[in-house]
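# Breakdown of the fold
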Amino acid sequence: HWPARYSAQSNWGQSLAYDINADKNPYWRSLGGPTSFEDLCLAMQDLIDEGKIRGWGMCNDNAYGLTGCTRTAKALGVTP
């Protein structure tokens, strides 16, 4: 639920200059790394196609996460 991403600020004005290589957060590094936007969007679309959910969204993310996920979903032609 709470994104654990490095960002230049820790408030809603967070930077779009996120650098995944600078993200040293042990929360997800110990689990093999972050889930890509592509994997996230495709997995959620699979759930929609299977009728398990009607839609999905993101909350409490930063500008990088929201923008990246939305652009990725649109590029893949799936529900953003």
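Residues numbered from 1 in each chain as written. Predicted model: local features only at pLDDT ≥ 70, side-chain atom pairs only at ≥ 80, totals over all residues. Heavy atoms only, no water.

## As for the environment of Leu 66
To keep things clear, this is the line we draw: Segments assigned H or I by DSSP are reported as helices when at least four residues long, segments assigned E as strands when at least two residues long, and all are numbered from the N terminus. Any two residues having at least one pair of non-hydrogen atoms within 4.5 Å are treated as being in contact.
Along the chain, the position of Leu 66 falls in helix H3 (residues 63–76). Sequence-wise, Leu 66 and Pro 80 are 14 residues apart; in three dimensions their C-alpha atoms are separated by 9.9 Å. In contact with Leu 66, not counting residues within four places along its chain, are Met 58 and Asp 61.

## Focus: the pattern of salt bridges
To be explicit about the condition: The term salt bridge refers to a side-chain nitrogen of Lys or Arg lying within 4 Å of a carboxyl oxygen of Asp or Glu. Classification of residues uses two cut-offs on accessible area relative to the type maximum, computed with a 1.4 Å probe and protein chains only: under 20% is buried, over 50% is exposed, and between them is partly exposed.
Per the counting criterion, the structure on display carries one salt bridge. One salt bridge in this structure joins Glu 50 and Lys 52, with 3.2 Å as the shortest N-O distance. On the basis of relative accessible area, Lys 52 is assigned to the exposed category, the value being 60%.

## Digging into H3
Under the convention used in this document: Every helix has an expected span of 1.5 Å times one less than the residues it contains. The arc under discussion is defined with respect to the helix axis, by the directions toward the C-beta atoms.
Between the first and last C-alpha of H3 there are 20 Å, a value that for 14 residues agrees with the 20 Å anticipated at 1.5 Å per step. Those residues of H3 that sit buried are Gly 65, Gly 68, Cys 69, Thr 72 and Ala 73. Taken end-on, H3 shows its buried residues confined to a sector of 125°, consistent with a single buried face. Turned more than 90 degrees away from the buried face of H3, the exposed residues are Arg 71, Lys 74 and Ala 75. The secondary structure elements touched by the buried residues of H3 are helix H2 (37–49). Taken from the residues just after H3, Gly 77 is the one with a positive phi, measuring 75°.

## Brief notes about the side chain of Gln 45
Looking at the secondary structure, you find Gln 45 in helix H2. According to the relative accessible area criterion, Gln 45 is buried, its value standing at 13%.

## Concerning the environment of Ile 53
Structurally, Ile 53 is set in the loop between H2 and H3. If near-sequence neighbours (up to four positions away) are discounted, Ile 53 is found in contact with Met 44, Leu 47 and Ile 48.

## A short note on the confidence of the model for the protein
Quick reminder of the rule: Confidence scores per residue from the predictor, reported as pLDDT, run from 0 to 100.
Looking at the protein as a whole, its pLDDT mean stands at 78, while 61% of the residues score no less than 70. Ranking the helices and strands of the protein by mean pLDDT puts H2 first, with 94, and helix H1 (residues 26–29) last, with 64.

## Concerning H2
Taking 1.5 Å as the rise per residue, H2 with 13 residues should run 18 Å; its terminal C-alpha atoms sit 18 Å apart, in good agreement. Three or more residues of H2 are buried, namely Phe 37, Cys 41, Met 44, Gln 45 and Ile 48. One face of H2 carries all of its buried residues, which in axial projection span an arc of 105°. Looking at the buried residues of H2, the elements they touch are H3.

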